[in-house]
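# Descriptive structure summary
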Amino acid sequence: MHRALIIVDVQNDFCTGGSLAVGGGSEVAAAISRTVAEAPPLRWRHVVATKDFHIDPGAHFGDPPDFVDSWPAHCVVGTGGEDFHPGLDTTSIEAVFHKGRHAAAYSGFEGRTDDGAELAGWLRERGVTGVDVVGIATDHCVRATALDAARAGFDTTVLLDLTAGVARDTTEVALDTMRTAGVLLTGTPVLRPS
């Protein structure tokens with residue numbers, strides 16, 4: 001089985017000091033980098049990443065936000081907030097899938113590379129049959145990406161130690177939803193006040 005690692009939305013706006021900071025996000029960035037650096041050869045045949053990449057996502061940005069369907073402005077294209085967090089070593093990342101230019105987009109499977117490739121097709125073209133999902137936030141974009149991976153037929157695991165959740169209650173619901181969908185969960189998500 002060829003596995004890939006999907007690093008979800010480890011961006012400045014979701015880490016300490018960002019406009020939509022998730023507690024523990026910066027630590028997760030560093031932990032992902034350590035894990036990739038220390039991984040045995042061929043644990044992951046491919047490493048990819050997703051990015052929120054908002055130009056004008058409409059009602060996804062709220063003023064005021066309700067923190068359910070609308071959020072403070074974040075990961076706006078051309079701002080430092082959409083950049084990868086400096087604690088994330090990007091040298092092993094082969095492709096970046098941008099999502100949400102003009103709409104809300106939680107799943108990395110909604111994203112595309114700069115040359116238009118979609119994540120599911122990109123993985124299949126390279127013989128990937130299983131994925132491990134990490135990143136921010138456990139209860140939102142990690143959940144959506146893992147669910148779409150499982151729906152697309154990939155053997156899907158979420159490495160929870162390498163994820164940060166927004167809130168305990170929404171994270172618990174996300175974990176139950178992923179388990180029900182057949183996603184394997186290992187470890188415990190980081191849950192800290194932002």
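In the block above lies the structure referred to throughout.
## Focus: the overall build of the protein chain
For the protein chain, the helix and strand inventory stands at 4 helices and 6 strands. Listed N to C, the secondary structure of the protein chain is β-α-β-β-α-β-α-β-α-β in terms of helices and strands. Its C-alpha atoms give the protein chain a radius of gyration of 15 Å, within 12% of the compact-globule value 16 Å for 194 residues. C-alpha atoms of the protein chain, sized along the principal axes, occupy 45 × 35 × 30 Å. Put simply, the protein chain has 194 residues, and 52% of those count as buried. Per element, the accessible surface of the protein chain, about 8,600 Å² overall, is 52% carbon and sulfur.

## A short note on unusual backbone geometry
Put simply, Asp63 and Pro64 share a cis peptide bond, and its omega is 5 degrees. Residue placement: Pro64 occurs in the loop between strand S2 (46–52) and strand S3 (95–99). Ala137 follows Ile136 through a cis peptide bond whose omega is -5 degrees. Of note, Ala137 is situated in the loop between strand S4 (128–136) and helix H3 (138–151). Even without being glycine, Asp9 reaches a positive phi, approximately 55 degrees. Positionally, Asp9 belongs in the loop between strand S1 (2–8) and helix H1 (25–38). In this model, Leu42 sits at a positive phi of 65 degrees, which is unusual for a non-glycine residue. Of note, Leu42 is situated in the loop between H1 and S2.

Conventions and cut-offs
Residues numbered from 1 in each chain as written. Predicted model: local features only at pLDDT ≥ 70, side-chain atom pairs only at ≥ 80, totals over all residues. Heavy atoms only, no water. Helix = DSSP H or I, 4+ residues; strand = E, 2+ residues; numbered from the N terminus. Rg over C-alpha atoms; globule rule 2.2 N^0.38 Å. Buried < 20%, exposed > 50% of the residue type's maximum accessible area, 1.4 Å probe, protein only. Areas by Shrake-Rupley, 256 points an atom, 1.4 Å probe, with all protein chains shown as cover.

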